[in-house]
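Close look at the chain arrangement
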Amino acid sequence: MNTKLLMIVAVLFFLSWRKAADSFLLFCALFAAGLFVCVLIYRVENTHSVVDDDA
């Protein structure tokens with residue numbers, strides 16, 4: 001997943017929640033933010049892995 005897209009979606013859900021005050025929009029914003037953090041951590045951990053070309 002694209003981390004920038006997830007962050008944009010989270011911000012858009014958060015802004016729409018502030019305008020509409022709907023708890024479902026807050027849930028979507030928090031879910032997208034949590035998914036953003038998980039994808040970011042996954043990408044940071046996997047960029048330092050060593051690839052063995054001999055195999």
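Here, every reference points to the structure presented above.
If you're wondering where the values come from, they're calculated on a predicted model, not measured in any experiment.

**Quick word on a nonpolar patch on the surface**
Taken together, the side chains of Met 7, Val 11, Phe 14 and Leu 15 define a hydrophobic patch exposed on the protein surface, amounting to about 330 Å² of accessible area. Note on placement: Met 7 falls in helix 1 (residues 3-20).

**Here's the deal with the environment of Val 37**
The residue Val 37 is located in helix 2 (residues 23-46) in this model. Among the residues examined, Val 37 registers a relative accessible area of 41% and is labelled partly exposed.

**Some words on the packing of aromatic side chains**
Aromatic ring pairs are described here by two measures, namely the spacing of the ring centres and the angle between the planes. One pass over the structure, following the stated rule, counts three aromatic pairs. Between Phe 14 and Trp 17 the ring centres are 5.5 Å apart and the planes differ by 40°, which places this aromatic pair in the tilted class. With Phe 14 and Trp 17 both in helix 1, this residue pair falls three residues apart, about one helical turn. Counting every residue linked through ring pairs, the aromatic cluster contains Phe 24, Phe 27 and Phe 31.

**A word on helix 2**
For helix 2, with 24 residues, the first-to-last C-alpha span of 35 Å sits near the 34 Å given by 1.5 Å per residue. Restricting attention to buried positions, one finds in helix 2 the residues Leu 25, Cys 28, Ala 29, Ala 32, Phe 36 and Val 39. Here the buried face of helix 2 lies against helix 1.

**A word on the packing of helix 1 against helix 2**
Their axes nearest at 8 Å, the elements helix 1 and helix 2 cross at an angle of 160°. When the axis of helix 1 is compared with that of helix 2, the two are roughly antiparallel. Both helix 1 and helix 2 take part in a crossing whose hand is left-handed. Counted together, Thr 3, Leu 6, Met 7, Val 9, Ala 10, Phe 13, Phe 14, Ser 16, Trp 17 and Ala 20 of helix 1 and Leu 25, Leu 26, Cys 28, Ala 29, Ala 32, Ala 33, Leu 35, Phe 36, Val 39, Leu 40 and Arg 43 of helix 2 form the full contact between these two elements. Among the residues making up the contact of helix 1 with helix 2, the classes are represented as 18 nonpolar, two polar and one charged.

What counts and how
Residues numbered from 1 in each chain as written. Predicted model: local features only at pLDDT ≥ 70, side-chain atom pairs only at ≥ 80, totals over all residues. Heavy atoms only, no water. Patch = residues over 30% accessible without salt bridge, like charges linked within 9 Å, V, L, I, M, F, W, Y side chains within 5 Å. Areas by Shrake-Rupley, 256 points an atom, 1.4 Å probe, with all protein chains shown as cover. Salt bridge = Lys/Arg side-chain N within 4 Å of Asp/Glu carboxyl O. Helix = DSSP H or I, 4+ residues; strand = E, 2+ residues; numbered from the N terminus. Buried < 20%, exposed > 50% of the residue type's maximum accessible area, 1.4 Å probe, protein only. Phe/Tyr/Trp six-rings, centres within 6.5 Å; stacked < 30°, edge-to-face > 60°. Expected span 1.5 Å × (residues − 1). Contact = heavy atoms within 4.5 Å. Axes fitted to C-alpha atoms, helices over the stretch in contact; angles between N-to-C directions. Parallel < 35°, antiparallel > 145°, perpendicular 65-115°, else oblique. Left-handed = near helix turned anticlockwise from the far one by under 90°. Nonpolar A, V, L, I, M, F, W, Y, C, P; charged D, E, K, R; others polar.

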